[in-house]
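# Examining the three-dimensional arrangement
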Amino acid sequence: MIKHILTSILCLATLIGFSQEKIKVVSSASIFQDMAKNIGGDKITSMSIVPIGRDPHTYTPKPSDVELVSSADLILINGLTFEGWITELIENSGTKAKIILISEGVEPIISQKYHNASDPHAWMDAINGVKYVYNISAGLASIDPDNALFYADNGVKYNAEIKNAHNYIKNQIATIPIEQRILITSHDAFQYYGRAYDITLNAIMGISTESEAQSKDVQRVINVIKEKKVPAVFIESTINPQMLQQIANDTGVKIGGELYADSLGDEDSEASTYLKLLTHNTDVIVNALTGTSIKRTKIDSDDTSNNLWIYVGLGAMMLLSLLFLVVKINN
Ligand SMILES: [Zn+2]
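Small disclaimer: the values here were computed from a predicted structure and weren't measured.

Our next topic: the packing of helix 2 (residues 30-40) against helix 5 (residues 126-143). Relative orientation and spacing of two packed helices are given, respectively, by the angle between their axes and the distance between those axes. Packing of helix 2 against helix 5 leaves a shortest axis separation of 10 Å and a crossing angle of 60 degrees. Classified by the interaxial angle, the pair formed by helix 2 and helix 5 is oblique. Crossing hand, helix 2 versus helix 5: right-handed. Across the interface between the two elements, F32, M35, A36, I39 and G40 of helix 2 pack against G129, Y132, V133, I136, S137 and L140 of helix 5. Its residues assigned to classes, the contact of helix 2 with helix 5 shows eight nonpolar, three polar and no charged.

Bringing the pairing of strand 6 (residues 200-203) into the picture now. Alignment of strand 5 (residues 182-185) against strand 6, held across four bridges, turns out to be parallel. Note on strand 6: the bridge partner recorded for I184 is N202. Once you follow strand 5 into helix 7 (residues 191-197) and on to strand 6, the crossover reads as right-handed.

Even without being a glycine, T81 presents a positive backbone phi close to 60 degrees. Here T81 lies in the loop between strand 3 (74-77) and helix 4 (86-93). Taking the relative accessible area as the measure of exposure, T81 reaches 51% and is therefore exposed. With phi around 60 degrees, D198 is a residue other than glycine that occupies positive phi space. Position of D198 relative to the elements: it lies in the loop between helix 7 and strand 6. Take D198: its relative accessible area is 48%, and that puts it in the partly exposed class.

Attention now moves to the nonpolar core. Counting 57 residues, the largest nonpolar core has Y193 and I285 as the members making the most contacts within it. Put simply, the parts of the chain that give this core at least two residues each are strand 1 (23-27), helix 2, strand 3, helix 5, helix 6 (148-173), helix 7, strand 7 (232-236) and helix 10 (274-290). Considering every element that reaches this core, the biggest residue donor is helix 10, with nine residues. Looking at which domains feed residues into this core, each of domain 1 (22-171) and domain 2 (177-294) gives three or more.

Let us now look at the packing of aromatic side chains. For the coordinates displayed, the defined rule picks out eight aromatic pairs. Judged by centre distance (6.2 Å) and plane angle (75 degrees), the ring pair of F32 and F82 falls under edge-to-face. Of this pair, F32 sits in helix 2 while F82 sits in the loop between strand 3 and helix 4, and the two are 50 residues apart along the sequence. Summarising the aromatic geometry, the rings of F32 and W123 are spaced 5.4 Å apart at their centres and angled 80 degrees between planes, so their arrangement reads as edge-to-face. Linking F32 in helix 2 with W123 in the loop between strand 4 (98-101) and helix 5, this pair joins segments that are 91 residues apart in sequence. Given the relative accessible area of 0%, W123 is considered buried. Feature note: the residues F32, F82, W123 and Y132 constitute an aromatic cluster, connected by ring pairs. Just above the ring of F150 sits the side chain of K43; from NZ or CZ to the centre is 4.7 Å.

Rules used throughout
Residues numbered from 1 in each chain as written. Predicted model: local features only at pLDDT ≥ 70, side-chain atom pairs only at ≥ 80, totals over all residues. Heavy atoms only, no water. Axes fitted to C-alpha atoms, helices over the stretch in contact; angles between N-to-C directions. Helix = DSSP H or I, 4+ residues; strand = E, 2+ residues; numbered from the N terminus. Parallel < 35°, antiparallel > 145°, perpendicular 65-115°, else oblique. Left-handed = near helix turned anticlockwise from the far one by under 90°. Contact = heavy atoms within 4.5 Å. Nonpolar A, V, L, I, M, F, W, Y, C, P; charged D, E, K, R; others polar. Pairing = 2+ DSSP bridges. Right-handed = clockwise from strand over helix to strand, strands pointing away. Buried < 20%, exposed > 50% of the residue type's maximum accessible area, 1.4 Å probe, protein only. Core = buried A, V, L, I, M, F, W, Y, C linked by side-chain atoms within 4.5 Å. Domains from an automatic or database assignment. Phe/Tyr/Trp six-rings, centres within 6.5 Å; stacked < 30°, edge-to-face > 60°. Lys NZ or Arg CZ within 6 Å of the ring centre and 35° of its normal.

Structure representation (structure tokens):
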């Protein structure tokens, strides 16, 4: 008897469990996985096909990726030639998932180097990130309308944080003197960042990492470093730093730090989320190109301006007292 009751309870619990099953969201890359997590909260499980630290341009899907995609409810892809391998993966998986192009609505940058290709790295401009968030929350609402308000609300809150990050980047990059605002990286992932935050770009490789850099590309970058007296170049978390290290050795410039463009960093890193990626990259760039520490400069300059106002206030009070005294004596 007890056994029957226990079995019934177990069945009921399983049924309830199934009815509350989370929406399975599969993103092509870790940055979008993090965006989805911020919007979907505990209503979804958010997963990425390309693991953290791997290069999404050159990724080769594994058999387990076919299973992952086939069991998804929602698939988030960047498009703009970022994950060229994903169309075949989706076809092979036979998935019934809804597919959302999360870069919908951004103004694409057309590649100068490749014919008919768009630069995929639109998320590097935080205002494009805001558009990604709208697209993801609308996608979630379309397959789970009962929680549409929840997704919309989370999207609005998350976007407020992204806009704060946008203002932070804008203000910080503006502290670099315009002639020093030259960003040299391994691959051309910062064009949207450069357009939004007014910094000139130069990269050894193109907007994809699929083709090898040629010696003329290396020479072009070396010429820019020498002509413009660029103080630092930047390696990227998903790309072998060997070539940039060679350039740094040959020209005597330093490696300004590691930037994150196509992948988040792991949990312990300074770029473990999309928001952290944006601000971390900016801090590294500003520190290396100005040769100062941002946080220190910011606090110092705030202190100086606060002190200035205190002195102005005290001076005004003393003048008024003196005036009052003079008037009183004359009377
Ligand atoms: Zn890239």
